[in-house]
Amino acid sequence: MTQRRLPKAGTFQIAPSVLSADFAVLASEIAEVTDSGIEIIHLDVMDGHFVPNLTFGPPVVKWIRKHTDAVLDTHLMITDPDKYAERFAEAGSDHITFHIETVADPKAFVKYLRDLGVTVGVTLNPDTPVEAVEAVAPLCDMVLVMTVNPGFGGQSFMDDAAQKCIRLRQIVGQAVRIEVDGGIDPTTVGTVKRYGADTFVAGNAIFGKPDRAAAIAALREAIENG
Ligand code: DX5
Ligand code: ZN
């Protein structure tokens, strides 16, 4: 299976989260954003255990894979990523992010994921301190900073959590992407850019809007001016 690669560090990227899309017509929802030049699609996987919500598993990723060449950025909000990561890689995920709160030996898990042929992300909840990912972050391709408590789209941006990007950028340097997730819209994206983020997940701010091209253009303008 051909895995796509994350765009090189040093470019700003918007990663629309399909959580706010119409799941009955997911292929056309994704095509609408890739037609606007989007290269990364963010897939939120929830197990009803690590977070109080349920979404989808590997079979849905497999079908999405058939309909897009975008990088599939798979955010595992699940208690047992070690049990399921392989199935997501087989289904066509290109990048897999695990929560630091769920893994006993993060360094070994990063290696395990790399051996599956995917690029690797680690993430931390708003209440988890930066120190928890300090040792493993430089080994990853991308660090995801949760700027809401995971589980639902459309929540309010948490500035305190976002400020962790500043310290993380010092830790990982320029070679590792820093992604932010939760409450990102044209009013907050400039702030997280200034904190050091370069990859911006947006669910409600894109798929919650009728005109996705205009929504992406508004985010891009805010990133440029931020
Ligand atoms: C939240 C998810 C997010 C979510 C973001 O648990 O991890 O990816 O889709 O949604 P917005 O952009 O609407 O806050
Ligand atoms: Zn997410």
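In this text, all values refer to a predicted model and were calculated from it rather than measured experimentally. (Residues numbered from 1 in each chain as written. Chains lettered and ligands numbered in written order. Predicted model: local features only at pLDDT ≥ 70, side-chain atom pairs only at ≥ 80, totals over all residues. Heavy atoms only, no water.)

Caption draft 1: Highlighting the layout of surface pockets. Quantified by volume, the largest pocket comes out at close to 380 Å³. Lining of the largest pocket is provided by 30 residues; of these, Gly154, Gly183, Ile184, Gly203 and Asn204 occupy positions nearest its centre. Where the lining of the largest pocket is concerned, the elements lending two or more residues are β2 (40–46), β3 (71–77), β8 (199–202), α8 (204–207) and α9 (212–225). Looking at the lining of the largest pocket residue by residue, the classes come out as 15 nonpolar, eleven polar and four charged. In this structure, the second largest pocket spans a volume of roughly 170 Å³. Lining the second largest pocket we find Phe12, Gln13, Ile14, Gly37, Ile38, Glu39, Arg220, Ile223 and Glu224. (1 Å grid on protein atoms, 1.4 Å probe; cavity = no way out; pocket = protein on both sides within 12 Å on 5 of 7 lines; lining within 4 Å. Points joined across faces, edges and corners; volume = space filled by probe spheres on them. Helix = DSSP H or I, 4+ residues; strand = E, 2+ residues; numbered from the N terminus. Nonpolar A, V, L, I, M, F, W, Y, C, P; charged D, E, K, R; others polar.)

Caption draft 2: Seen up close, the coordination of the zinc ion (ligand 2). For the zinc ion (ligand 2), the full set of protein donor atoms is His42 (NE2), Asp44 (OD), His75 (ND1) and Asp181 (OD), at a range of 2.0 to 2.3 Å. Coordination at the zinc ion (ligand 2) is octahedral: its six donor atoms span angles of 69 to 168° at the metal. On the primary sequence, the residues serving as donors to the zinc ion (ligand 2) are separated as H-x1-D-x30-H-x105-D. Placement of the pair is His75 in strand β3 and Asp181 in strand β7 (residues 177–181), with a sequence separation of 106 residues. According to the relative accessible area criterion, Asp181 is buried, its value standing at 8%. (Donors = N, O, S within 2.8 Å, 3.2 Å for Na, K, Ca; no water. Tetrahedral: all angles 85-135°; square planar, octahedral: opposite > 155°, others 65-115°. Buried < 20%, exposed > 50% of the residue type's maximum accessible area, 1.4 Å probe, protein only.)

Caption draft 3: Region of interest: the pattern of salt bridges. Inspection of the entire model under this criterion finds ten salt bridges. For Glu32, the salt bridge is made with Arg212, and the minimal N-O distance between the two is 3.6 Å. Here Glu32 is found in helix α1 (residues 26–34), whereas its partner Arg212 is found in helix α9, with 180 residues between them in sequence. By relative accessible area, which is 35% here, Glu32 ends up partly exposed. Note that Asp198 is salt-bridged to Arg169, the shortest N-O span being 3.1 Å. You can see Asp198 sitting in the loop between α7 (189–195) and β8 and its partner Arg169 sitting in helix α6 (residues 164–172), a full 29 residues away along the chain. Taking the relative accessible area as the measure of exposure, Asp198 reaches 6% and is therefore buried. Each member of the salt-bridge network shares a partner with another, and the members are Glu29, Glu32 and Arg212. (Salt bridge = Lys/Arg side-chain N within 4 Å of Asp/Glu carboxyl O.)

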